[in-house]
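Descriptive analysis of the structure
This is what each chain is made of:
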Amino acid sequence: MSVFRTQPSFRTQPTSRTQPTSRTQPSRTFLARAAVAGGVVASSVLLLSGTAFAHVSVQPQGEAAKGGYATVNVKVPNERDNASTVKVELNFPTDHPLASVMPQPVPGWKVEVTRAKLAKPLELHGKKINEAVAKVTWTADGSKIGPGQFQQFPLSLGRLPEDTDRLVLKAIQTYDNNEIVRWIEEPKEGAAEPESPAPVLKLSDAADDHHGGAAKPADDDKSDASEKEGKGDGHEKAADAGSTDTAARVLGVVGILVGLAGIAFGVLAGRRRSA
């Protein structure tokens, strides 16, 4: 008799354990990309905001009233990363000429005041003035305005005109790599700021005592006191404006980063729900 032995069959039992999917690596990659994007956006915000304010300006120390005298600072920031400013030229308007423009010495800079004949003479303190200041030029003499720096050039101006609300003072900035930037575009009220705006000195309405004070610019005690008060007010206003601008930039960058973080966590939460 033949005996048939049945061989036992060996079947591979399916595994009931599911291999875990790796979610940690994609999540980290996404967060890293979000962080890089946030850094790029934040840097762009700071760069663009800094560029928008990096132009030559004229800031009065105290008040610049019509018909009076004023002390102003010509503020020149250096907007290049690979060059230094070595020359600044400030041109004065011919339709509202100024008979008196006196620069304060700045260490490391030579200053030259250029005068021009007037088609129509001015009358100042009972005298006829046939010439007015056309431009003031500062040239580096042992000093420069380096990248990330600015320089102020003080001027005493007078007598300020009474028939206009502002003076447009066109400026030319020269770098040591022979690049020339012309700040000569006149800003228009209600319009966007031009790419290369000219410095503008805004004039306030004159009070009764301004005309009397303007007629006696040689009074040293009064002029010194007014200049000290004006300098204090100017520094406080500049500090307030600088702190406000810095706070706005910081808040803008923080808002962008918070928004990016929210997007990242939102995407991660969506992935977990779909899983």
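What you see is a predicted model; the values in this text were computed from it and never measured. (Residues numbered from 1 in each chain as written. Predicted model: local features only at pLDDT ≥ 70, side-chain atom pairs only at ≥ 80, totals over all residues. Heavy atoms only, no water.)

1. Things to note about the overall build of the chain
Scanning the chain for helices and strands turns up three helices and eleven strands. Walking the chain from its N terminus toward its C terminus, one meets helices and strands in the order α-β-β-β-β-β-β-β-β-β-β-β-α-α. Buried residues in the chain amount to 31% of all 275 residues. For the chain, restricting intrachain contacts to residue pairs at least 6 apart in sequence, the fraction spanning at least 24 positions comes to 73%. When the accessible surface of the chain is split by element, carbon and sulfur atoms take 54% of a total near 18,200 Å². (Helix = DSSP H or I, 4+ residues; strand = E, 2+ residues; numbered from the N terminus. Buried < 20%, exposed > 50% of the residue type's maximum accessible area, 1.4 Å probe, protein only. Contact = heavy atoms within 4.5 Å. Areas by Shrake-Rupley, 256 points an atom, 1.4 Å probe, with all protein chains shown as cover.)

2. Thoughts on the nonpolar core
Grouped burial of nonpolar side chains is what soluble globular proteins tend to show. Of all hydrophobic cores here, the largest spans 31 residues; its most connected members are Phe-92, Trp-138, Phe-153, Leu-155 and Leu-157. Elements represented by at least two residues in this core include exactly β2 (70–77), β3 (85–91), β6 (127–140), β7 (150–158), β9 (170–175) and β10 (180–183). Element by element, the count of residues in this core is highest for β2, at four residues. With sequence-adjacent residues up to four places away left out, Phe-92 is seen in contact with Leu-98, Val-101, Val-133, Ala-134, Lys-135, Val-136, Leu-155, Leu-157 and Leu-169. (Core = buried A, V, L, I, M, F, W, Y, C linked by side-chain atoms within 4.5 Å.)

3. Side note on the confidence of the model for the chain
In the predicted model, the chain carries a mean pLDDT of 74, and 56% of its residues have values of at least 70. Every residue in residues 39–52 scores below 50 in pLDDT, and together they form nine contacts with partners more than four places removed in sequence or on other chains. Note that pLDDT drops below 50 for residues 210–244; the model gives that stretch 20 contacts with residues more than four away or on any other chain. (pLDDT = per-residue confidence, 0-100.)

4. Remarks on unusual backbone geometry
Across the junction of Gly-158 and Arg-159, the peptide omega takes the value -20 degrees, indicating a cis bond. Phi is positive for Asn-178, which is not a glycine, with a value near 70 degrees. Relative to the helices and strands, Asn-178 resides in the loop between β9 and β10. By relative accessible area, which is 69% here, Asn-178 ends up exposed.

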